[in-house]
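# Structure at a glance
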Amino acid sequence: MTAPTDLVDPLDALDSPPPRPAGPGRARQALELLSSMRFAITLLAVICIASVIGTVVQQNEPFNNYINKFGPFWAELFGHFQLFTVYSANWFLLMLGFLVVSTSLCIARNAPKIVADLRSFKEHVREQSLAFFHHKADATLPLGRDAALAQVASVLGKHGWRARAQVREHGTMVAARTGRASKLGYLSAHSAIVLICLGGLADGDLIVRAQMALAGKSVFDGGYQFVKDVPAEHRLSAGNPTFRGNLLVPEGARAGVALLSMPQGTVLQELPFDVELKKFTVEYYETGMPRLFASDIVIHDHETGEAIPAVVKVNEPAFHRGVAIYQSSVEDGGSQVQLKAYPLTVGGQPFDLKLRVGESTGLASDSGEHKLQLEVTGLKVINVENMAEANANGGTDLRKVDLVGTLDKHLGAGINPDKAKTLRNVGPAVTYRLRDSAGQAREFHNYMLPIELDGQRVFVAGVREGTAENFRYLRMPADENMSLQGWLRLRAALNDPALRDRAAKRYADQATPEGKPEMNEQLRLTASRALTLFAGIEAPSKAAGAERMGGLNALSQFIETSVPEAERPRIAEVMLRILNGALFDLNQVAREQAGLKPLELGPATEAFMTQAVLSLSDSFFYPAPVLLELSDFNVVQASVFQVARAPGKTLVYLGAVLLILGVFAMLYVRERRLWVWLADGQAPGTTRAQIAMSTPRRTLDIDAEFDRLRDELLASAGGKQ
């Protein structure tokens, strides 16, 4: 007689193939592999890894951004494997499909066995087998067989066990069970995987791609000025069963065509309604951080003509005809900006510009040619920055730059966010691009108001070479009227030979020691030379081909090429002292010419001049011949709505519920089976009882439960237990 085994673990049951006839064909082997749990777990692991990649690597960005981030080789390699569009990649969708098929076959193959096992009480177990179970007991009850059976039924019923009795020739076998939800949990968890994957496939772009292939639709990548100009081959009908796209609606306007981003371009999705934006509302915390985004909209139904008002907030969408309208973000809807342009070239005169965001215009040079194209790309009225690092130490160098040859080392970082955050709204800012005749563009980001850094107000003008980079900022000190005019006046004076000569003479007159009038001319020449080098008028070296550079770099280059190495530290200190004094007198001369009173000596003037010298030096590395200042604006907001028809959402939600229930059932519910054999005892009026319990996993809780049941079932036993 062989010993009976405990219940088989359902995972092992699902993983173990059923008995096969001898000599199976390859089709049967492939089917068994496809429906095996090992294959499904492998697919699930690969899908999880792919999802991690899709989370870590930003998806659906311009390819140039990936080139800047990873380099040409790796960007090309990652792009070949579609790692920048993981969730719409063919291999990812194929794995989802295989996981659905594999899990479905696994369920179909094992569900009948599990259901049959759930219905069976296994009351046909032989009484001799009970002696070989791990949990077992036997005793003689001072009761007749019918009374013993009633006692067993009462105890089992009290503890929630379902039981079935089988009367045999020599006794009665009672088979009981509890915890059936454990096996239902396995079916629930596997069904959840199927539902979630089906929901993901339904709500992805697989159906959209299938429609485009079958209906002859194609994507486009620009080339049309207006949405209405896009032909029908780039549009999907309003009856599309599933889609997810973006809809931009400016204030006071309406739109009914969404943009669907595809890996190769864009396709338009017609909606069964128009969305009109009446008003966009944004509320802020005291720190300037946004607290509420809300759009007051009117939904105009195409079929009925009905106008339905609604309010869309973040995480509070509106619904119409099965389409959800989510508040995604806010963009500029065509705000008007007034810019004051200050040429940084010699002899340039300021001029005014009035443009709308999204418009462009040419900037004419002195000869009248349009050398640069100005493109206004954004206006942001609220800008919240971290000011903790900026104000941490009043003696910090405001530029934090290293004067080496590249632009990013000459223009300092904006706000350093490494330490504790102090958030503050620093006011409006305009973003624009300057594009040259070759089509190359740099992006600029200039704040309208001065920002307080280390106790001093400065205007900041940012620049970056590409969208993958951070902005680097030129920091110009605000004058006593909190304007940029003081710095601009000093820079213009630096380009004026007559004012430089007056400033050099004035400095020499004030710096000449008493009793040494012969030093006056030498000081004047030195001051004039320092101003000329700093202004970039003269090359720092007399060598053939030497370039004019300007700023502190010019003085450094001049000292390195003209002064013996041993004398350089002393001469550099003298030159900087003369330069600072001459620039101060240049500022005073410029103010006198403008009809302003001279600056009074003091901490404020000293701070202004210190930052002015540094920013003037950095301005020679500013990669534009003109500096644009935002002088006024008229804001027009636009809401970006995400519109989605997601029939798979219900499947995903249902799958999530089933997954939670299934995992809970598998982890916290244990199936137990109990057998009680009742036979007539040796003495009249007695019954011999044998008990055995089986469970997939033996734990201390199971041991304690068996002890309780044994004690209650055999409570009236007068014999050995």
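Residues numbered from 1 in each chain as written. Predicted model: local features only at pLDDT ≥ 70, side-chain atom pairs only at ≥ 80, totals over all residues. Heavy atoms only, no water.

### Side note on the packing of helix α8 (residues 181–203) against helix α16 (residues 648–668)
Note the following rule: Here an angle of 0 to 180 degrees is reported between the N-to-C directions of two axes, which are lines fitted to C-alpha atoms, with helices fitted over the stretch in contact. Note on conventions: DSSP H or I runs of at least 4 residues are helices, E runs of at least 2 residues are strands, and numbering of each starts at the N terminus. Should an angle lie under 35 degrees it is considered roughly parallel, over 145 roughly antiparallel, and from 65 to 115 roughly perpendicular; all remaining angles are considered oblique. Rotating anticlockwise by less than a right angle from the far helix to the near helix defines a left-handed crossing, while the corresponding clockwise rotation defines a right-handed one.
Orientation of α8 relative to α16, taken along the N-to-C sense of each, is 155 degrees, at an axis distance of 7 Å. As the angle between them shows, α8 and α16 are arranged roughly antiparallel. The way α8 lies across α16 gives a crossing that is left-handed.

### Overview of the side chain of Gln-588
Filter applied, for reference: Note on definitions: a residue-residue contact is assigned when non-hydrogen atoms from the two residues lie within 4.5 Å.
Note on placement: Gln-588 falls in helix α14 (residues 568–593). When near neighbours in sequence (up to four residues on either side) are disregarded, Gln-588 contacts Arg-506, Pro-598 and Leu-599.

### Focus: the confidence of the model for the protein chain
Just so we agree on the cut-off: You can read pLDDT as the predictor saying how much it trusts each residue, on a scale of 0 to 100.
Confidence in the prediction of the protein chain, expressed as mean pLDDT, is 83, and 88% of residues score 70 or more. In the predicted structure, residues 392–410 sits below a pLDDT of 50 and forms 43 contacts with residues beyond four places in sequence or in another chain. In this model, residues 413–419 is a region of pLDDT below 50 whose contacts with residues beyond four sequence positions or in other chains number 15 contacts.

### As for the layout of surface pockets
Selection criterion: Both site types are read off a 1 Å grid over the protein atoms alone. A 1.4 Å probe that fits but cannot get out defines a cavity, while an open set with protein on both sides within 12 Å along at least five of seven lines defines a pocket; lining residues have an atom within 4 Å of a point. Grid points are joined across faces, edges and corners, and a volume is the space filled by probe spheres set on the points. Gly is put with the polar residues, along with every residue not named as nonpolar or charged; the nonpolar set is Ala, Val, Leu, Ile, Met, Phe, Trp, Tyr, Cys and Pro, and the charged set is Asp, Glu, Lys and Arg.
A volume near 1,400 Å³ is recorded for the largest pocket. As for the largest pocket, its lining consists of 35 residues, and the residues nearest its centre are Val-330, Glu-331, Asp-332, Thr-377 and Gly-378. Considered class by class, the residues forming the lining of the largest pocket number 17 nonpolar, 13 polar and 5 charged. Approximately 620 Å³ is the volume attributed to the second largest pocket. The wall of the second largest pocket is formed by 25 residues, among which Asn-60, Gly-204, Asp-205, Arg-244 and Ser-261 lie closest to the centre. Among the secondary structure elements, those contributing two or more residues to the lining of the second largest pocket are α6 (90–119), α8, β5 (243–250) and β6 (254–262). When its residues are assigned to classes, the lining of the second largest pocket shows 11 nonpolar, 11 polar and 3 charged.

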